[in-house]
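Structure at a glance
Residue strings, one per chain:
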Amino acid sequence: MRVGLLGTGRIGSFHARTLATHPAVTELLVADTDPARAHDVAGTLADARASAAALDSVEAVLRAGVDAVVIATATDAHSDLIIRAARAGLPTYCEKPIATDVPGTLAALREVERCGTALQLGFQRRFDAGYGAVREAVRTGGLGFVHTIRAVTADPAPPPASYVPTSGGLFRDCCVHDFDIVRWVTGREVVSVFATGSNLGEPFFSEAGDVDTAAALLTLDDGTLVSCNATRYNGAGYDVRMEVSGSRGTLVAGLDARAPLYSAEPDGPKAPADPWPDFLARFHDAYVAELDAFLDVARGLRPTPCSGHDALEALLVAEACELSRRLGSPVRVDDVRAEAGAGAGGDAR
Ligand SMILES: NC(=O)c1ccc[n+]([C@@H]2O[C@H](COP(=O)([O-])OP(=O)(O)OC[C@H]3O[C@@H](n4cnc5c(N)ncnc54)[C@H](O)[C@@H]3O)[C@@H](O)[C@H]2O)c1
């Protein structure tokens, strides 16, 4: 397959190597609005099995006759690029989120539907072994009836200041992973949220209207209560966990020997010597697996494991949280959906 990759920053350069070393890929064409970055990334792939080259523009990649395209640009370009890829008839993988707002998301989804192209979103936790095991335990009843979920996303350090204004903010950029995985693990939809946030770190978050730390209480359609906590400041390492508690006990994804946690008890677990440093290390295998799945999707071998509809549902929860934070009161997801003209509710099952 000949594959195009748009955006060669932090995650794009990682995806470039995964694609260029995949057995199904013969050629990788990359582009970035910073052409030097695209050329640098192509240059690092000289040892890969596929040939890799940087083209001068996104348009050049879309016109090069590639079989599929991977979008890993800054978030504010996703919707437009999904639309252009759909019009070019290309199966498309896009990093989350589709857009920082519902209109941008709906515009992309309508065009994908009109053109009949495949779209997969980058919610890689669906490909992580621990999250998969928790989902299985929930589905098979191993935990009894589930009543409480605690989801944590803690970055070791903030992203570059330039990333924040186009990111959509902590709920849309970061917690959106938790919102997606809660739907996927439980098979339930989020009915209402009550969210808050704070700024205790560097001022560039508040200057962008964002928060660096957030908490949200979600109520699912079966009454399960979910608390989500996220921060850009966890110097001990990258901590992404989900604790699912049911009538028979608690199962945890992300609690392993590298989780950056330690016990206050004298005989409790000590801090790990080699904590997870960042998302690329923690989810390395999941990122590889999601692109492997996408290459199957692009060849018509399987349906998309993470659809545009899933991305819309996770974004609506993020929108509700952002609104709740600003209003200081609970918000129903269906009210956000109706306000945005986003149609009927979802079905995570
Ligand atoms: N799934 C995950 O765990 C995960 C992790 C990190 C980032 N992301 C997502 O990936 C995307 C990129 O994040 P990042 O951390 O790599 O950011 P980044 O800032 O490191 O890289 C973004 C790149 O996109 C390029 N770019 C911007 N607009 C473009 C356009 N119109 N056409 C071509 N190139 C363009 C920039 O020049 C830059 O090189 C974001 O949407 C982010 O939400 C997902």
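Residue positions are given per chain, counted from 1 along the sequence in the order it is written. Owing to the predicted nature of the model, reporting of local features is limited to residues with pLDDT of at least 70; listing and counting of side-chain atom pairs is limited to 80 or more, with chain, interface and lining totals taken over all residues. To obtain the side-chain values, all non-hydrogen atoms of the structure were included, while hydrogens and water were left out.

**Notes on the overall build of the protein**
For clarity, the threshold we go by: Helix and strand assignments come from DSSP, with helices taken as H or I runs of at least 4 residues and strands as E runs of at least 2, each series counted from the N terminus. Note on method: radius of gyration uses C-alpha positions; expected globular size equals 2.2 Å times residues raised to 0.38. Here the term buried applies to any residue with accessible area under 20% of the maximum for its type, exposed to any over 50%, and partly exposed to those in between, with areas from a 1.4 Å probe on protein chains only. Throughout, a contact is declared for two residues whenever any of their heavy atoms are within 4.5 Å. Accessible surface area values rest on a Shrake-Rupley calculation with a 1.4 Å probe, where residue burial reflects the displayed protein chains alone. We count Lys and Arg on the positive side and Asp and Glu on the negative side, and we leave His and both chain ends out. Charge placement uses NZ in Lys and CZ in Arg. For Asp and Glu, CG and CD serve respectively.
Of the regular secondary structure elements, the protein holds 12 helices and 13 strands. Computed over its C-alpha atoms, the radius of gyration of the protein comes to 20 Å, within 12% of the 20 Å expected for a compact globule of 349 residues. In terms of overall dimensions, the protein has a C-alpha envelope of 55 × 50 × 45 Å along the principal axes. Within the protein, buried positions represent 53% of all 349 residues. For the protein, long-range pairs separated by at least 24 residues make up 73% of all intrachain contacts whose partners lie at least 6 apart in sequence. Total accessible area computed for the protein in this model is approximately 14,400 Å², and 53% of it derives from carbon and sulfur atoms. Taking the 32 positively charged and 46 negatively charged side chains of the protein as two groups, their mean positions are separated by 4 Å.

**Description of the pattern of salt bridges**
Test applied: Salt bridge criterion: a side-chain nitrogen from Lys or Arg within 4 Å of a carboxyl oxygen from Asp or Glu.
For the coordinates displayed, the defined rule picks out 29 salt bridges. Of the charged contacts, one joins arginine 150 and glutamate 243 as a salt bridge, the two residues approaching to 2.8 Å between their closest N and O atoms. Here the residue arginine 150 occupies a position in strand β7 (residues 146–154), and glutamate 243 occupies one in strand β11 (residues 239–246), the gap between them amounting to 93 residues. We classify arginine 150 as partly exposed; its relative accessible area is 31%. Put simply, arginine 188 and aspartate 221 hold a salt bridge, and the shortest N to O gap is 2.8 Å. You can see arginine 188 sitting in the loop between α7 (170–186) and β8 (190–198) and its partner aspartate 221 sitting in the loop between β9 (213–220) and β10 (225–231), a full 33 residues away along the chain.

**Brief notes about the packing of aromatic side chains**
Short version of the rule: Pairing of aromatic rings covers Phe, Tyr and Trp, the last through its six-membered ring, and needs centres within 6.5 Å; plane angles under 30 degrees mean stacked, over 60 mean edge-to-face, and all others mean tilted. Our definition puts a charge over a ring when NZ of Lys or CZ of Arg is within 6 Å of the ring centre and also within 35 degrees of the ring normal.
A complete count under the given rule lists seven aromatic pairs for this structure. Relative to tyrosine 233, the ring of phenylalanine 205 has its centre 6.4 Å away and its plane inclined at 70°; by these criteria the two rings are edge-to-face. Of this pair, phenylalanine 205 sits in helix α8 (residues 204–207) while tyrosine 233 sits in the loop between β10 and β11, and the two are 28 residues apart along the sequence. The exposure class of phenylalanine 205 is buried, given its relative accessible area of 0%. On the basis of relative accessible area, tyrosine 233 is assigned to the partly exposed category, the value being 30%. Taking the centre distance of 6.3 Å and the plane angle of 85° together, the rings of tyrosine 238 and phenylalanine 283 count as edge-to-face. In this pair, tyrosine 238 is assigned in the loop between β10 and β11 and phenylalanine 283 in the loop between α9 (279–282) and α10 (284–298), connecting sequence segments 45 residues apart. Each member of the pair, tyrosine 238 as well as phenylalanine 283, is classed as buried. Aromatic rings pair up to connect Phe14, Tyr238, Phe279, Phe283 and Tyr287 into one cluster. Here arginine 10 stacks its cationic end above the ring of tyrosine 163, 5.0 Å away from the centre of that ring. If you follow arginine 258 out to its NZ or CZ, it ends over the ring of tryptophan 276, 4.1 Å from the centre.

**As for the domain arrangement of the protein**
To keep things clear, this is the line we draw: Residue ranges labeled as domains rest on an automatic or database domain assignment. Buried area is calculated as the accessible area (1.4 Å probe) missing from two parts once they are joined, with the contributions of both summed. Between N or O atoms, a polar contact is any pair within 3.5 Å; within protein, one atom must be a potential hydrogen donor and the other a potential acceptor, and residues adjacent in sequence are included only when both atoms are from side chains. Residues are grouped as follows: nonpolar covers Ala, Val, Leu, Ile, Met, Phe, Trp, Tyr, Cys and Pro; charged covers Asp, Glu, Lys and Arg; every other residue, Gly included, is treated as polar.
Looking at the protein, the domain boundaries give domain 1 (2–124 + 289–306) and domain 2 (130–282 + 309–340). Taken together, both faces of the contact between domain 1 and domain 2 bury some 1,800 Å²; the carbon and sulfur share is 69%. When the area that domain 1 buries against domain 2 is broken down by residue, the three leading residues are Arg10, Val102 and Phe123, summing to 35%. At the surface where domain 1 touches domain 2, the tally comes to one salt bridge. A salt bridge links aspartate 173 to lysine 96, with the shortest nitrogen-to-oxygen separation between them at 3.4 Å. Across the contact surface, domain 1 and domain 2 share two residue pairs in polar contact (both at pLDDT 80 or more). Elements represented by at least two residues in the side of domain 1 that touches domain 2 include exactly α1 (10–20), α5 (102–115) and β6 (119–122). At four residues, α5 tops the list of elements feeding residues into the side of domain 1 that touches domain 2. Partitioned by chemical class, the residues of the side of domain 1 that touches domain 2 number 12 nonpolar, five polar and four charged.

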